[in-house]
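# Breakdown of the fold
One letter stands for each residue in the lines below.
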Amino acid sequence: MSSSNSSFDLIVIGAGTAGLPAAIFAAERGASILLLDAAPEIGGTLHLSSGQMSAAGTRLQKKKGIEDSPALHLNDIMRISKGTADPMLAGLAVNNAADTLDWLEDIGFAPLPAHPVKGLFHEPYTVERYVWGERMGKSILAVLRAPFEAAVESGAVTLKLNTRVSSLVQSEDGTVTGVVACTDADTGSEPEETFSAKAVLIAAGGYMANRDMYKLYADHPCYGDHSYPFNVGDALTLGLSAGGITQGENGYLTSFGSIMRSYDVPSKVRCAQTHWPHIRMPWEIYVNGHGQRFMREDEPSVDVREHVIQVQPDLRHWIVFDATTLAQAPDLIPDFSADQIKAAAENDEPMFYAADSIATLANKAGLPSKALMQTVADYNAGQANGKDFLGRKYMPRHIADAPFYAIRAQATTVSSHVGLAVNAELQVVRDDASAVPGLYAAGEALGRGAIMGSGISGGMLVTPALTFGRLFGQSLLPL
Ligand SMILES: Cc1cc2nc3c(=O)[nH]c(=O)nc-3n(C[C@H](O)[C@H](O)[C@H](O)COP(=O)(O)OP(=O)(O)OC[C@H]3O[C@@H](n4cnc5c(N)ncnc54)[C@H](O)[C@@H]3O)c2cc1C
């Protein structure tokens with residue numbers, strides 16, 4: 001290991017959503033910052049993210065006459081999470097989110113013209129406070145570049161890419177005084193270098209690219225492959241090694257209805273079903289791995305759908321329908337016509353199945369055939385007498401005309417729910433609530449579960465990541 005005498009006011013681990021604003025604002029305050037990233041470029045998950053943000057009391061809202069407040073935003077998060085979000089952390093995020101959105105606009109961020117919206121793809125907000133840009137996460141990254149590059153050019157920020165932090169340096173009393181980094185992250189081999197600083201901010205994202213860690217915390221495999229490949233859980237490993245503890249364990253939740261590209265676990269998502277009744281009423285039925293229906297398919301609440309799928313085997317369902325529904329119903333999958341569904345099923349493409357009888361369909365789709373036949377018969381009986389045993393209201397037709405189809409859908413998530421526990425100053429805390437001196441964390445390193453609890457509040461990963469990064473650089477970093 002080679003040693004370095006370089007010493008900074010602040011070391012930021014991760015040049016992504018939280019790390020970039022932290023560096024920009026700390027530089028504005030005159031701090032010297034070392035920003036390390038394992039990847040060959042800055043941006044982190046902003047390269048992949050939908051970049052949807054939510055904030056209350058923004059200039060944009062005021063311009064459009066929308067009345068909102070951080071208190072209403074927090075009420076919504078507590079309502080959506082059924083009281084399971086951490087009000088301290090969620091409160092810190094919503095109280096400071098408007099300043100973040102206003103700042104983004106100041107540096108050139110342009111929300112879509114019709115925004116803000118309530119956001120109907122997750123459980124909706126009560127007020128229009130949800131925005132994103134044309135290029136999703138990349139719209140945010142694009143506007144962060146100029147202030148960040150200015151901070152590097154001024155000499156305030158030293159950026160080292162391809163540099164993965166492997167451990168923290170702690171003094172005898174537990175104070176974090178620096179990091180050890182592998183300066184050739186590609187190979188993971190020597191040389192390692194030690195850097196010291198008065199404060200270290202862990203902004204190294206979650207653990208979505210670490211399948212073992214995902215399974216450990218979720219108790220499910222990571223089905224979807226949509227992670228930033230450098231986010232392998234180092235944030236947690238580093239924070240725990242310094243005495244930190246985890247939070248957010250009760251917040252595991254997946255989205256509904258992804259159709260995967262292959263049977264591999266994880267797999268990329270090929271497409272997704274439209275399961276929102278306000279956009280398209282369901283003509284099909286959904287069955288679980290036992291071949292049984294498990295919810296009314298026209299269930300209006302996204303949150304209910306997301307929770308019900310959590311208790312189905314392997315978090316998956318099969319969408320079952322017949323030839324007449326395929327021909328007559330509105331498109332089930334955006335940008336995927338009925339002819340394409342037919343062709344995919346006839347060609348035995350993964351997740352798509354077709355057969356001339358329900359029994360054969362069940363065999364092809366890996367479902368118990370007797371159970372599926374019974375399920376279809378029961379549904380048809382309910383459809384005929386207008387009384388569905390699960391309370392479904394929208395039943396335009398029965399399932400009767402061969403060929404029959406099934407599409408296997410998977411619940412997946414894009415974020416890690418467990419993270420490092422912090423206090424209101426973003427200091428990493430120990431079991432006894434005392435802070436690990438010198439160590440801070442922001443972004444997905446804090447996990448999704450603490451801020452959102454067991455419910456998905458739109459934009460409440462990107463917004464807190466940017467906001468906590470900004471707050472830390474602007475005021476929380478002790479100088
Ligand atoms: C497909 C997708 C869609 C999403 N859509 C939304 C959305 O619309 N709204 C929302 O709120 N959230 C969304 N999210 C989640 C959100 O984008 C992320 O939670 C957030 O961007 C994470 O920010 P971060 O700063 O914590 O991590 P990142 O932005 O990922 O930055 C972490 C950085 O740390 C680096 N790093 C990791 N380990 C080390 C190490 N040991 N040493 C040095 N560097 C390291 C990485 O290379 C990376 O650059 C989405 C996520 C995905 C994947």
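A quick note: this is a predicted structure, and the numbers were derived from the prediction, not measured.

### Topic: the domain arrangement of the protein
Splitting the protein by domain gives domain 1 (7–247 + 415–476) and domain 2 (255–412). The centre of domain 1, based on its C-alpha atoms, is set 37 Å off from the matching centre of domain 2. Each partner contributes to the interface: domain 1 provides 17 residues, whereas domain 2 provides 22 residues. Both faces combined, the contact of domain 1 with domain 2 buries some 1,600 Å², and carbon together with sulfur accounts for 57% of it. Among the residues domain 1 hides against domain 2, the three largest losses belong to Phe121, Tyr223 and Asp225. Together they make up 42% of the total. The interface formed by domain 1 and domain 2 includes two salt bridges. Summed over the shared surface of domain 1 and domain 2, the result is nine residue pairs in polar contact (both at pLDDT 80 or more). Its residues placed into classes, the side of domain 1 that touches domain 2 shows seven nonpolar, six polar and four charged.

### With respect to the nonpolar core
Within the largest apolar cluster, 125 residues are counted, with the highest numbers of intra-cluster contacts made by Ile13, Ile202, Phe352 and Phe468. The biggest single contributor to this core is helix 4 (residues 87–106), with nine residues. Two domains share this core, each providing at least three of its residues, namely domain 1 (7–247 + 415–476) and domain 2 (255–412). Not counting residues up to four positions away in its chain, the partners in contact with Ile13 are Leu36, Val165, Leu168, Val179, Val200, Leu201, Ile202, Ala203, Ala204 and Leu238. With 18 residues, the next largest nonpolar core counts Ile285, Ala362, Ala365 and Leu372 among its residues.

### Re empty space enclosed by the protein
Counted by the stated rule, this structure contains four cavities of 30 Å³ or more. As a volume, the largest cavity reaches approximately 70 Å³. The wall of the largest cavity is formed by 13 residues, among which Arg280, Leu326, Pro330, Leu332 and Ile341 lie closest to the centre. Residue composition of the lining of the largest cavity, grouped by class: eight nonpolar, two polar and three charged.

### Remarks on the site of the ligand
Around the ligand, the structure places 34 residues, and the nearest of them are Thr17, Asp37, Thr45, Asp234 and Glu444. Residue Ala38 places a main-chain N or O atom 3.0 Å away from a nitrogen atom belonging to the ligand. Within the contact set of the ligand, a nitrogen atom lies 3.1 Å away from a backbone nitrogen or oxygen of Ser50. Summarising the interface, the protein chains cover 95% of the accessible area of the ligand, which totals 1,000 Å² for the free molecule. Classifying every residue of the shell around the ligand by side-chain character gives 15 nonpolar, 15 polar and four charged.

### Here we look at the pattern of salt bridges
Evaluated as defined, the whole model comprises 19 salt bridges. Here Glu284 makes a salt bridge to Arg280, at a shortest N to O gap of 2.7 Å. Arg280 matches Glu284 in its accessibility class, with the two residues each being buried. When the shortest N-O distance is used, the salt bridge between Arg392 and Glu297 registers 2.9 Å. Of the two residues, Arg392 sits in the loop between helix 12 (369–385) and strand 15 (404–412) while Glu297 sits in the loop between strand 12 (285–287) and helix 8 (302–310), which places them 95 residues apart along the sequence. On the basis of relative accessible area, Arg392 is assigned to the buried category, the value being 2%. Overall, Glu297 belongs to the buried group, its relative accessible area being 0%.

### Quick word on the environment of Tyr379
Topologically, Tyr379 is positioned in helix 12. The spacing of Tyr379 and Leu390 is eleven residues in sequence and 9.5 Å in space, taken between C-alpha atoms. Apart from residues no more than four positions distant in its own chain, Tyr379 is found in contact with Ile285, Arg293, Asp388, Arg392, Tyr394, Met395, Arg397 and Ile399.

### Remarks on the packing of aromatic side chains
According to the stated counting rule, one finds eleven aromatic pairs in the structure shown. Ring centres of Phe121 and Trp276 lie 4.8 Å apart, and the angle between their planes is 85 degrees; this geometry places the pair in the edge-to-face category. Placement of the pair is Phe121 in the loop between helix 4 and strand 4 (130–131) and Trp276 in the loop between strand 11 (269–272) and strand 12, with a sequence separation of 155 residues. Given the relative accessible area of 46%, Phe121 is considered partly exposed. Seen from their ring centres, Phe321 and Tyr405 are 5.5 Å apart, and the 15 degrees between their planes marks the pair as stacked. You can see Phe321 sitting in strand 13 (residues 316–322) and its partner Tyr405 sitting in strand 15, a full 84 residues away along the chain.

### Describing unusual backbone geometry
Of the consecutive residues His115 and Pro116, the connecting peptide bond is found in the cis state with omega at 5 degrees. You can see Pro116 is positioned in the loop between helix 4 and strand 4. Note that the residue after Val265, namely Pro266, is joined by a cis bond; omega there is 0 degrees. For Pro266, the location among the structural elements is in the loop between strand 10 (255–260) and strand 11. With phi around 55 degrees, Met136 is a residue other than glycine that occupies positive phi space. For Met136, a relative accessible area of 28% corresponds to the partly exposed category. In this structure, Asp348 is a non-glycine residue whose phi angle is positive, near 55 degrees. When you line up the elements, Asp348 lands in the loop between helix 10 (338–346) and strand 14 (352–355). By relative accessible area, Asp348 is classed as exposed at 55%.

### Regarding the state of the cysteines
Any covalent bond linking the sulfur atoms of two cysteines counts as a disulfide. For the structure on display, the rule yields zero disulfides. Lacking any disulfide linkage, Cys271 is separated from the closest cysteine sulfur, that of Cys222, by 18 Å. Using a relative accessible area of 10% as the deciding quantity, one classes Cys271 as buried.

Thresholds applied
- Residues numbered from 1 in each chain as written.
- Predicted model: local features only at pLDDT ≥ 70, side-chain atom pairs only at ≥ 80, totals over all residues.
- Heavy atoms only, no water.
- Domains from an automatic or database assignment.
- Contact = heavy atoms within 4.5 Å.
- Buried area = accessible area lost by both parts, 1.4 Å probe.
- Salt bridge = Lys/Arg side-chain N within 4 Å of Asp/Glu carboxyl O.
- Polar contact = N/O pair within 3.5 Å; in protein donor to acceptor, adjacent residues only side chain to side chain.
- Nonpolar A, V, L, I, M, F, W, Y, C, P; charged D, E, K, R; others polar.
- Core = buried A, V, L, I, M, F, W, Y, C linked by side-chain atoms within 4.5 Å.
- Buried < 20%, exposed > 50% of the residue type's maximum accessible area, 1.4 Å probe, protein only.
- Helix = DSSP H or I, 4+ residues; strand = E, 2+ residues; numbered from the N terminus.
- 1 Å grid on protein atoms, 1.4 Å probe; cavity = no way out; pocket = protein on both sides within 12 Å on 5 of 7 lines; lining within 4 Å.
- Points joined across faces, edges and corners; volume = space filled by probe spheres on them.
- Near = heavy atom within 4 Å.
- Areas by Shrake-Rupley, 256 points an atom, 1.4 Å probe, with all protein chains shown as cover.
- Phe/Tyr/Trp six-rings, centres within 6.5 Å; stacked < 30°, edge-to-face > 60°.
- Disulfide = S-S within 2.5 Å.

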